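One-letter residues, chain by chain:
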Amino acid sequence: MQINKIGIVGSGIMGSGIAEVAMLAGFEVVLRSRKQESAVSMVGAIERSLVRRVEKGRLEAQEAQDALSRLLATTEIDELVDCDLVIESVVEDLEVKRHLFDHLDRIVKPGAILATNTSTLPVVDLAAATRRPELVCGIHFFNPATVMGLVEIVRPITASDETIAAASAFVKKCAKDGVLVKDEAGFVVNALLFPYLNSAVKLLERGVATAEEIDRSMKLGCGFPMGPLALLDLVGLDTSVAILDALYREFGDVATLAAPTLRRKLAAGQLGKKTKRGFYDYH
Ligand code: CAA
């Protein structure tokens, strides 16, 4: 399977990060957003990020220009027709993703791989929504996608060896380290990370320490690059609750029952960095 052209569906931070990574790796990228404003703002975010790389002397101006020339941002889903690989990175909602996979299956050329960037939902459910289950897998990037070195390559029981080999080759060409994982909620990273993040919120609820102290403790006590509450803000509290709910549904482990504060903040629209308010304020 030769992969040259990548489609990305979804206009969040993950979608634009994955697009930037793929463009820089030399792939042609079609980035599909539902709204024109989102398409424009994603291109703006990618341009700014590339400019920063050039200013830091990590990329030649010409390379940034070439990368941008490989990007097409569109609101038309039909533009994905001739992509060799489409990566979906929309909201963590199984029904929304199932509907999208059914739609993608109808419009994207036969033989193309349809992948999901889901962090917890069963990939096999998305495969079953298509008539090409052997060509469906998970390609799970981490936030921020341009910085984090790992990608989990998720193998549902329906995927063919060729699909997994092609997904692994794509990840390698993106200069990321791929780990092949079973199609089980949370895979490796989120299965370990989210009970910990949830526990940090429970510590805060019990008043054991302030948010800043909890974060400082884990940075200085364990050498983590950021504290758990700041990381929840980075991932987004909506995504975090969706991940915890999916983990709880799959394993019934009380450690993954979302702490009440997470749901209260969600109801208040305090989703973290993206809404400028979560456990911290961002201005
Ligand atoms: N987008 C793009 N680049 C970013 C960025 C962002 N949001 N945040 C930081 N960077 C870049 C900076 O530009 C900088 O790049 P250079 O080295 O090229 O100059 C580099 O990252 C380091 O940034 P800073 O010096 O500003 O800050 P830092 O050293 O504190 O690093 C961090 C920031 C990379 C986010 C670091 O704190 C970190 O690694 N945190 C942990 C992140 C993490 O755990 N991610 C996984 C989340 S879980 C997940 O994603 C799975 C899921 O399904 C939800």
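Keep in mind that this is a model prediction, so the values were computed, not measured.

**Notes on the overall build of the chain**
Point 1. When helices and strands are tallied, the chain shows eleven helices and eight strands.
Point 2. In summary, the chain has a C-alpha radius of gyration of 19 Å against a globular reference of 19 Å for 283 residues, a match within 12%.
Point 3. In the chain, buried positions account for 48% of the 283 residues.
Point 4. Summarising the internal contacts of the chain: among those between residues at least 6 apart in sequence, 68% fall at separations of at least 24.
Point 5. Total accessible area on the chain is roughly 13,500 Å²; 54% of this is exposed by carbon and sulfur atoms.

**Some words on a nonpolar patch on the surface**
Point 1. A cluster of nonpolar side chains, Tyr248, Val254 and Leu257, forms an exposed patch at the surface whose accessible area comes to about 260 Å².
Point 2. Along the chain, Val254 falls in the loop between α10 (237–251) and α11 (260–267).
Point 3. Judged by its relative accessible area of 56%, Val254 is exposed.

**Overview of the side chain of Asp215**
Point 1. Mapping Asp215 onto the fold places it in helix α8 (residues 211–222).
Point 2. For the buried Asp215, no salt bridge exists, and the shortest N-O distance to an oppositely charged side chain is 7.6 Å, to Lys219.
Point 3. Separated by 2.8 Å, the side chain of Asp215 and the backbone nitrogen of Leu229 make a polar contact.
Point 4. In terms of polar contacts, Asp215 uses its side chain to reach the side chain of Tyr280, at 2.7 Å.
Point 5. Setting aside chain neighbours within four positions, we find Asp215 in contact with Gly227, Pro228, Leu229, Ala230 and Tyr280.

**Some words on the site of the ligand**
Point 1. Looking at the ligand, there are 17 residues lining it, with Lys56, Arg58, Ser119, His140 and Asn143 nearest.
Point 2. One of the side-chain N or O atoms of His140 is found 2.8 Å from an oxygen atom in the ligand.
Point 3. At 2.8 Å, a backbone N or O of Asn143 approaches a nitrogen atom of the ligand.
Point 4. Elements supplying a minimum of two residues to the shell around the ligand: α7 (189–205) and α9 (228–235).
Point 5. Across the shell around the ligand, the residue classes tally to ten nonpolar, five polar and two charged.
Point 6. The residue makeup of the shell around the ligand includes at least three contributed by each of domain 1 (5–182) and domain 2 (189–274).

**A closer look at the pairing of strand β1 (residues 5–9)**
Point 1. Most of β1 is tucked away: five of the five residues are buried.
Point 2. Side chains of β1 alternate between two faces, with Lys5, Gly7 and Val9 and Ile6 and Ile8 buried alike.
Point 3. Following the backbone out of β1, through helix α1 (residues 13–24) and into the adjacent parallel strand β2 (residues 28–32), one traces a crossover that is right-handed.
Point 4. The pairing of β1 with strand β4 (residues 85–88) spans four bridges and is parallel. Counted as the bridge partner of Val9 is Glu88 from β4.

**Concerning the sheet that holds β4**
Point 1. The eight strands are arranged β3-β2-β1-β4-β5-β6-β7-β8 in an open sheet whose pairing can be described as mixed. Every other strand in the sheet has two partners, leaving β3 (71–74) and β8 (177–182) as the edge strands with one partner each. In this sheet, adjacent strand axes meet at a mean angle of 25 degrees when their direction is disregarded.
Point 2. Pairing analysis gives four bridges linking β4 to strand β5 (residues 113–116), with the strands arranged parallel. Each bridged residue has a counterpart across the sheet, and for Ile87 the counterpart in β5 is Ala115.
Point 3. The strands touched by helix α2 (residues 36–55) are β2 and β3; relative to β3, the strand with the most contacts, the crossing angle is about 155 degrees.

**Some words on the state of the cysteines**
Point 1. Across all of its chains, the model carries zero disulfides by this definition.
Point 2. Its sulfur unpaired, Cys83 is 14 Å from the next cysteine sulfur, which belongs to Cys174.
Point 3. For Cys83, a relative accessible area of 0% puts it in the buried group.

**A few points about a positive patch on the surface**
Point 1. A contiguous patch of positive charge on the surface is contributed by Arg48, Arg52, Lys56 and Arg58.
Point 2. Locating Arg52 in the fold gives a position in helix α2.

Quick notes on the rules
Residues numbered from 1 in each chain as written. Predicted model: local features only at pLDDT ≥ 70, side-chain atom pairs only at ≥ 80, totals over all residues. Heavy atoms only, no water. Helix = DSSP H or I, 4+ residues; strand = E, 2+ residues; numbered from the N terminus. Rg over C-alpha atoms; globule rule 2.2 N^0.38 Å. Buried < 20%, exposed > 50% of the residue type's maximum accessible area, 1.4 Å probe, protein only. Contact = heavy atoms within 4.5 Å. Areas by Shrake-Rupley, 256 points an atom, 1.4 Å probe, with all protein chains shown as cover. Patch = residues over 30% accessible without salt bridge, like charges linked within 9 Å, V, L, I, M, F, W, Y side chains within 5 Å. Salt bridge = Lys/Arg side-chain N within 4 Å of Asp/Glu carboxyl O. Lys, Arg positive; Asp, Glu negative; His and termini not counted. Polar contact = N/O pair within 3.5 Å; in protein donor to acceptor, adjacent residues only side chain to side chain. Near = heavy atom within 4 Å. Nonpolar A, V, L, I, M, F, W, Y, C, P; charged D, E, K, R; others polar. Domains from an automatic or database assignment. Right-handed = clockwise from strand over helix to strand, strands pointing away. Pairing = 2+ DSSP bridges. Axes fitted to C-alpha atoms, helices over the stretch in contact; angles between N-to-C directions. Disulfide = S-S within 2.5 Å. Charge placed at Lys NZ, Arg CZ, Asp CG, Glu CD.

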